[in-house]
Every structure is written in structure tokens, then in C-alpha cells.
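Listed below are the residues making up each chain.
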Amino acid sequence: MQEKTFKRIAVIYAMDRERGYLENILTDVRVEKGTDQTFFKSFERGSLEGKAQVAMCQCGIGKINASITTFLMIQQFKPDIVINTGCAGGNVIKGIKPHNIVITSKAHFYDESDVGGESEFGKNLYYNCYPFAERIKKFSPTVSEKIKIGPTASGDRFIETLKDVASISGDILSNDFPIAFDMEFSGVSRICSAYSVPSLNTRIISDVPTGPDKDNHLKMYEDFWASKDNLYEKFLNELLHALI
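Described below are features of the structure shown in this document. (Residues numbered from 1 in each chain as written. Predicted model: local features only at pLDDT ≥ 70, side-chain atom pairs only at ≥ 80, totals over all residues. Heavy atoms only, no water.)

### Describing the packing of aromatic side chains
Next up, step 1: In total, this model carries 11 aromatic pairs according to the counting rule given.
Next up, step 2: Ring centres of Tyr21 and Trp225 lie 6.3 Å apart, and the angle between their planes is 35°; on these two criteria the pair is classed as tilted. Of the two residues, Tyr21 is situated in the loop between helix 1 (16-19) and strand 2 (27-36) and Trp225 in helix 6 (residues 214-226); the sequence distance between them amounts to 204 residues.
Next up, step 3: A centroid spacing of 5.5 Å and a plane angle of 10° characterise the contact between Phe40 and Phe43, whose relative ring orientation is stacked.
Next up, step 4: Taking relative accessible area as the criterion, Phe40 reaches 0% and is therefore assigned buried.
Next up, step 5: A connected cluster of aromatic rings, assembled from ring pairs, spans Tyr21, Phe132, Phe139, Tyr221, Phe224, Trp225, Tyr232 and Phe235.
Next up, step 6: Above the plane of the ring of Phe77 lies Arg8, whose end atom (NZ or CZ) is 4.3 Å from the centre. (Phe/Tyr/Trp six-rings, centres within 6.5 Å; stacked < 30°, edge-to-face > 60°. Helix = DSSP H or I, 4+ residues; strand = E, 2+ residues; numbered from the N terminus. Buried < 20%, exposed > 50% of the residue type's maximum accessible area, 1.4 Å probe, protein only. Lys NZ or Arg CZ within 6 Å of the ring centre and 35° of its normal.)

Here it is as C-alpha cells:
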């Protein structure tokens, strides 16, 4: 069966320095005015080899910012798929290391509980992501060997210590326990699910909590940004081309 191709791709990232991974991928990039001048003032649109239009937007840190930006991006750009990208913390217990590349299989919020009720929005559901595993065969070996696929979780706090990891509900040894932690994607995925738009989360691991010391975690994060990871830029280039 022929793989689906995407002609309109939205890419959402939280921080300005995460945009650096996308700088050299698109051509004919221009800035367009957003429909909302509070959360969605502008976005960049460019061409991917003339085969797809790609819109890029910085949402700011956190699941609320990400959720609102995703909604406004869907309303204005009408993407075929939404990609959330950036850095994330890894789960060392699952064997994740700095500079690994994580692709989310399903996502949920690690700082929300199931409050029940009649509405799905009152439940902390898992949100399934676009099934991308088969397309990894298109990647170069230097990229594919760094890719890890599994569940991830989002919340509005850093996961800095092993105690923080242990505080997340669920069996830490189960296949459902997150392999990485970010602060945006579950918000992105929730909105995409509501509007029947496929979503995909890719992250470069910047740090992993390895013990009780938050200072060690912070140093690991700072060291990550001090060393530019060109492999992730190569990965995003190959990812976008695999979708068209």
C-alpha cells in the first residue's frame, strides 16, 4: 500500500533556539501574520522542494501555550499533519541517553489525574500519534541508530531527579511508562485529536535525571546547548522528506 504523503505540514516548537534545527531545510521562507495577536502573532512559511508547504511557529513553553498555538495553527494554516519538535528530558531507567532522538508512539500528561466525568476532556487519556515507525527505513544509518520510539509524557514542570520520575503514576517498568518527558506535546496532540489532524512528536534528548542532584541535571542541560547537535538537524530534514 502506498504511503500517505503530506502537502501542508505545521511544525511547532517552544523556544527560539529550537528553531535553529529548522533553519536550513526550507526555501522561499516568508513571515505571515497570524490571526491572533496575543498567542499567534506570526508564523513562517516555506517550501520543501516544491512538494509541500511547511509552516513553522514558536509556541512558548508549556502545554497551554502549545495547545492554543496548535488550535490557531489548525484554524489558519489547515495542516495535514502537525509536528511538535524540540528538546526533552530522557528516562535513564528506559535506557535513554542525551542526544538520543525520541519519536512518540502515544502521549499523556504526567501532571494530570483522571477526574472522570462525562466528557473525554475530563480524563487523562493517551493520545496516539501518527504511526511513523515504518518510515524510519528511509533514514540514513547514522540517524536511524539514534532513534528511540515509545510513549512520552508532558507537564508543566521539569523532571530533574529520579524522585521526580518515580512520582509519575504507572508501573515504571511497563511498556506504557514514558521514555521521555517534555512540556508541550500532549497539549498539541489533544487539540489535534479533537480536530482529527494527525500529530507527531520528535525530540532530541538534552538531559536525563540520574540521581537526587538537580545541579547535575542543570549542568547536563546547559552542556547540551553548548554543543550544537547537527545530527538532529539532519534528522528533521530526513523526517520532513519522509513525509512528502
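### Brief notes about the pattern of salt bridges
Next up, step 1: With the rule as written, the count across this model stands at 10 salt bridges.
Next up, step 2: Between Arg19 and Glu44 there is a salt bridge, and its shortest N-O distance comes to 2.7 Å. Within this pair, whereas Arg19 is found in helix 1, its partner Glu44 is found in strand 3 (residues 40-48), the two being separated by 25 residues in sequence. Each member of the pair, Arg19 together with Glu44, is buried.
Next up, step 3: The closest approach of N and O atoms between Glu184 and Arg203, which form a salt bridge, is 3.4 Å. Note that Glu184 is positioned in the loop between strand 9 (180-182) and helix 5 (185-194) and Arg203 in strand 10 (residues 199-207), a separation of 19 residues in sequence.
Next up, step 4: For Arg203, a relative accessible area of 2% puts it in the buried group.
Next up, step 5: Residues joined by salt bridges that share partners form a network here, namely Arg19, Glu23 and Glu44. (Salt bridge = Lys/Arg side-chain N within 4 Å of Asp/Glu carboxyl O.)

### Examining the nonpolar core
Next up, step 1: Counting 58 residues, the largest nonpolar core has Ile9, Phe132 and Phe235 as its most contacted members.
Next up, step 2: Element by element, the count of residues in this core is highest for helix 7 (residues 230-243), at seven residues.
Next up, step 3: Contact partners of Phe132, with chain neighbours within four places excluded, come to Ile103, Phe139, Leu200, Leu239, Ala242 and Leu243.
Next up, step 4: In terms of nonpolar packing, the next biggest core, distinct from the first, is built from eight residues, Ala88, Ile96, Ala180 and Met220 among them. (Core = buried A, V, L, I, M, F, W, Y, C linked by side-chain atoms within 4.5 Å. Contact = heavy atoms within 4.5 Å.)

### Quick look at helix 2 (residues 63-77)
Next up, step 1: For helix 2, with 15 residues, the first-to-last C-alpha span of 20 Å sits near the 21 Å given by 1.5 Å per residue.
Next up, step 2: Burial in helix 2 covers these residues: Lys63, Ala66, Ser67, Thr69, Thr70, Leu72, Met73, Ile74 and Phe77.
Next up, step 3: Where helix 2 ends, the next residue or the one after it, Lys78, has phi of about 55°, a positive value. (Expected span 1.5 Å × (residues − 1).)

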